[in-house]
Structure formats: structure tokens, C-alpha cells
Amino acid sequence: MRLYNTMSRSVEEFESIEDGHVGMYCCGPTVYNFAHIGNLRTYIFEDILKKTLKLNGYEVRHVMNITDVGHLTGDGDDGEDKMNASAKREGKSVWDIAAFYTDAFMNDISRLNIDRADIICKATDHIADMIEVIRILEKKGHTYVSGGNVYFSIDTIDDYGKLARLNLDELREGARIEVDSFKKNPKDFVLWFTNSKFKDQVMTWDSPWGRGYPGWHIECTAMSMKYLGSQFDIHCGGIDAIPVHHTNEIAQSEAATGLKPWVKYWCHGEFLINDKGKMSKSSGEFLTLESLIRKGYDALDYRYLCLGAHYRSQLKFSYEALDHAKSARAALTEKIKALKAEAEEASELHSENAKKYKMEFIDAVSNDLHTPQALAVMHSMLKDGSVSSAEKLNLIRFFDSVLSLSLDRIEKEERVGSDEDIALLNERAEAKKAKNYQRADEIRAILAERGYSIKDTPNGSFLVKNL
RNA sequence: GGUGUCGUACCCAAGCGGCCUAAGGGAACGGUCUGCAAAACCGUCUUUCAGCGGUUCGAAUCCGCUCGACACCUCCA
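Position numbers for residues start from 1 in each chain and track the written sequence from start to end. Here every chain gets a letter starting at A, and every ligand a number starting at 1, in the order they are written. The predicted origin of the model limits local features to residues at a pLDDT of at least 70 and limits the giving and counting of side-chain atom pairs to 80 or more, whereas totals for whole chains, interfaces and linings rest on all residues. Excluded from the side-chain calculations are hydrogens and water; all other atoms, namely the structure's heavy atoms, are used.

Q: Lay out the nonpolar core with the relevant residues and their values.
A: We call a set of buried residues a nonpolar core when its members are Ala, Val, Leu, Ile, Met, Phe, Trp, Tyr or Cys and they connect through side-chain atoms within 4.5 Å of each other. Only protein chains enter the accessibility calculation, which uses a 1.4 Å probe. A residue is then buried if its area is under 20% of the maximum for its type, exposed if over 50%, and partly exposed in between. Core analysis: the largest hydrophobic core is formed by 130 residues, its most contacted members being Leu49, Leu53, Ile234 and Tyr302. Each domain's limits were defined by an automated method or a database of domain assignments. For this core, the domains that each give at least three residues are domain 1 (2–269) and domain 2 (277–409). Filtering out sequence-adjacent residues up to four positions away, Leu49 remains in contact with Met1, Leu3, Met24, Ile234, Cys236, Cys267 and Leu369. Any two residues having at least one pair of non-hydrogen atoms within 4.5 Å are treated as being in contact.

Q: Any details on the packing of aromatic side chains? Residues and values, ideally.
A: Note on aromatic contacts: the rings of Phe and Tyr and the six-membered ring of Trp form a pair at centre separations within 6.5 Å, being stacked when their planes are under 30 degrees apart, edge-to-face when over 60 apart, and tilted otherwise. Scanning the entire structure with this criterion turns up 18 aromatic pairs. Ring centres of Phe14 and Tyr58 lie 5.4 Å apart, and the angle between their planes is 85 degrees; this geometry places the pair in the edge-to-face category. With Phe14 in the loop between strand S2 (10–13) and strand S3 (21–26) and Tyr58 in the loop between helix H1 (37–55) and strand S4 (59–66), this pair connects stretches of sequence that are 44 residues apart. As far as the burial class goes, Phe14 and Tyr58 line up, both buried. A centroid spacing of 4.9 Å and a plane angle of 85 degrees characterise the contact between Phe100 and Tyr101, whose relative ring orientation is edge-to-face. The class of Phe100 is partly exposed, set by a relative accessible area of 38%. Secondary structure elements are defined from DSSP: runs of H or I of at least 4 residues count as helices, runs of E of at least 2 residues count as strands, and each element is numbered from the N terminus.

Q: An account of the environment of Leu424 is needed here, citing residue identities and associated values.
A: Mapped onto the elements, Leu424 comes out in helix H14 (residues 419–433). On the basis of relative accessibility, which here comes to 11%, the residue Leu424 falls in the buried class. In sequence terms Leu424 and Ile443 are 19 residues apart; their C-alpha atoms lie 6.7 Å from each other.

As C-alpha cells, then:
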């Protein structure tokens, strides 16, 4: 399969370090608030990546962190701790905040049919691992203590910023933020804080440098290497992580182990934007999955919307676009119900065309996760009369192993309704036969009020629960 | 100020030098079926890819300029 690598800025043939196995680390959420649907788009992309790897025969070890330590809103010793701020705002302890939003996140993930990572690790459970990495960096001369904090010195390595292709000289000129005066180089970053101007910092731990808390890049370095080894295959995240977070992770990780490259493939998901620009937690419109569901959408409508765009291009969100996804998914569901009514069981693929569609789907998704193409293949397949219904069911199940739209869980048209409802339906049939259309339409209105639509088919009428 | 990305028909969105007189979905409209609807199915929305130049036998695809949008350099997916 082929995959775009941010490090090389090109699509590369994917080759795992260890034959048949892939180690994959995905930056998880900071649990101080609900995830918005833009955040969720990235996890959907990572899910597609993981499932496509599996489709290609790889065994995947998937690790995701939960950042439950407070991050400062600025990189220096300034800004406000997000966890603390949320705790104060909601009148809860920081630990309660973390637990609450972690649960909320997991709930969103499962509603979107996103596979849970094999290992989900919390930053607060790995403080000792982080301290260990900092000690190694200190021993190797990559750190300095200034103003009470331990910093990583980027001038001790010669390839800082290679992922983002940063031009350090120009960046320094263009800096818009006030430089932390304790830093030797403005791009140095904190590994361990002991000196925060926020005296009410609740989450602190003992360390060789004093009681304090970790900087916000060290957790990913410590935890990814703990579970995936000192070098591994894939590291994912949103594109915004490239210039600072991932750049710093690489710097400290490669400095600590002396091994390059730390990560073989860097994969980043583009933003979901609206007419005002990107969604973000700190500004702009903040839409949660929950808010979409309350408006009557299904979580999978949103997943379908995301699948319709390539993960490396910005996707314009609007309710109009979501409505389209909803309609498209409803029509898909109808088609699959019909298939299930025509063929009880999926069958092996016999026809040439059925096999062709399977290949086309694999090619689409294996070519840097071209889900829009994969969806197009699926739609063409469904329309193709030369493929039998039983074969179509087989293909749908196969496609859904990556798409995860719960296509395989769609049951054949359910004949629902209480005895009373069915009696009404029969009365309508009688009325129609007697050409008493007024009564027939009355009954249709009554049933509609009870939440049913009537489907008239050549084989008789039946009721369907409205969505 | 610096660095990138992008602009595709009514909407979302693929395509990234010739299978493109541009996938797929949605909406709309017309038709078949139906007492009428709904659903389903069929058809139409195709000489056009922001604009203007250029390169080429050939450009939505490459180059230049103009206009517009977005992102990053600050916590952010």
C-alpha cells in the first residue's frame, strides 16, 4: 500500500519495520473539554488507516495517549493551565474533569465506529517514564535548568525542525509572541516545570528537579517508546501538530535514543473548516458530536461525510453538506435492505465484475486512503446488474471492514407494527380495493402520526419505522 | 512580516499532462410504477475545471501573473 509521509512530503510505498507488523501511535485528546467534530475527523482518518493496514494483511499495534495533565496555553511559563481552568469553571477537581471528558471522548469514538486503540495510556500514569527520558536527555547534555524549569536545548542537535522544514532564522524574526526570557533559544521548550506562576497547580509530582509537572511534548515520547519500542512505523495526528508538537517530539526522542529515524512514517489529517475557517477549542464555532445527534443526525452521517473527502484536504462543513451525507446514507441503507430481502446470505464472488470491484476498492483505499474513490466503487457496484445480490452482500461486508458504516448490521426490511397497526394497514388495503381512497389516505395519516411510513410493493404493503 | 495549501459544474467532493466531450454522492427537474404519494428504478443537470497569459502535438492537471479562500509560525485535530 501507499501512504503520504509528511517527512518526505510525498506518497511512499509502505514497508513496515518488522514484517507483517505495524506499530502506530496516534496523538489522543487533551481531556479538558468535549472533542469537537473537527477533532473527531482526525480520529476517523486514523481509523481508516488502521483498518486499511489490516486489510493489507498487517497486524497493527495501535497506541493512543490521553493527555490528562494540564497543558499551559502557551509554551513558556505563561498562559493558563487548561485542566485547572476547566476544573475551576465547572467546580470539579482536575481528576474529575479528566475522567469525565475521557468518558465523553470514548463514547464519541464508539458512536463513530472507530476502533479503540489496543493500548490507551494516560499521561498521569506515566510520569516516571517521562522523568526517565528527561534524565537520559540530561545525561547526554541536551538540557539546561533555567528559572526553575528544565528546558530542551535545540542547539544541541543539528536537524531541529526537519519535519516542518522550519527555517529557524526567519522564524526568530517573525516571532509574534513574547519570548520566555529563561530560554537560551526561543524555540527551546520545557521538559519539566517546577516554577509555574500558577500557585494552585494541583497536579504535581516529585522529580530530580523538584516538585512539578511535565512539559507537553514529553508524554508522547515516553509513552510511544514504552509501548512501541525506540523506533516504530507510524505516528499520526492533526496537521497543526507538525511545527511544534511533533517537531519537539522528534527532537527529544532522537536525542534520547540516538536512533534515526525515530518514526518511519508521519501521517497528518487536514482540518475540518466552516465558512469562518477552522474549528478550534479556543475560538470559533464549537460543534460536538452530541450536538449533531441532538439535531437528529446519526454519528455515522458524520462519518460518511468525512469519508467523502480525502483526509489530506480541508473539508468544508455545513449542515447542508451533512444533510447530503445523511440522505446518501439513508439511500444506501435502503439498497442494502433490499439486497437482504433478495438474498438471504452473502455468497462467494463468482462474476468477473464482482472480483473487479473488490480489487478496485482495495486499490482505492490502499492508495493513500482514497475513501472518496472507495465510496464511488461501492456505489457503482451496487448499481451493476451483472453482480448478484448475494455477491453484493459479500462485497458490502468486505467494504465495511474499512468504511465501518455499520452496513453489515443493516437488517432486511423489518415488518414492524403492533397488531392494531397491522389491522389498520389491512383496512387500508381493503379501502384501496374498494376505491375508497379517502379512507385509505386517512389511515396513512394515522400511521404516519404513529411514526410509520407505508411501503407499497407488488407483493403487498408493509410498515417501516421512520428514522 | 515569514511559510505553505487550495480555488472543479446548484452544494459536498474525486481527478493532478492524452483512457476527461471531468468519478461518486446530494439537491433539483422530467419519466416509469402508483388511485395519489412514499420507496425504488431510468434520464437530464457536460463542451466546462477562479481569471488572464504561456509551455506543449495535447492542460482541470505544468509555468507566470492577478483575484479570492484557508492554514501554520501561539494552545489547537
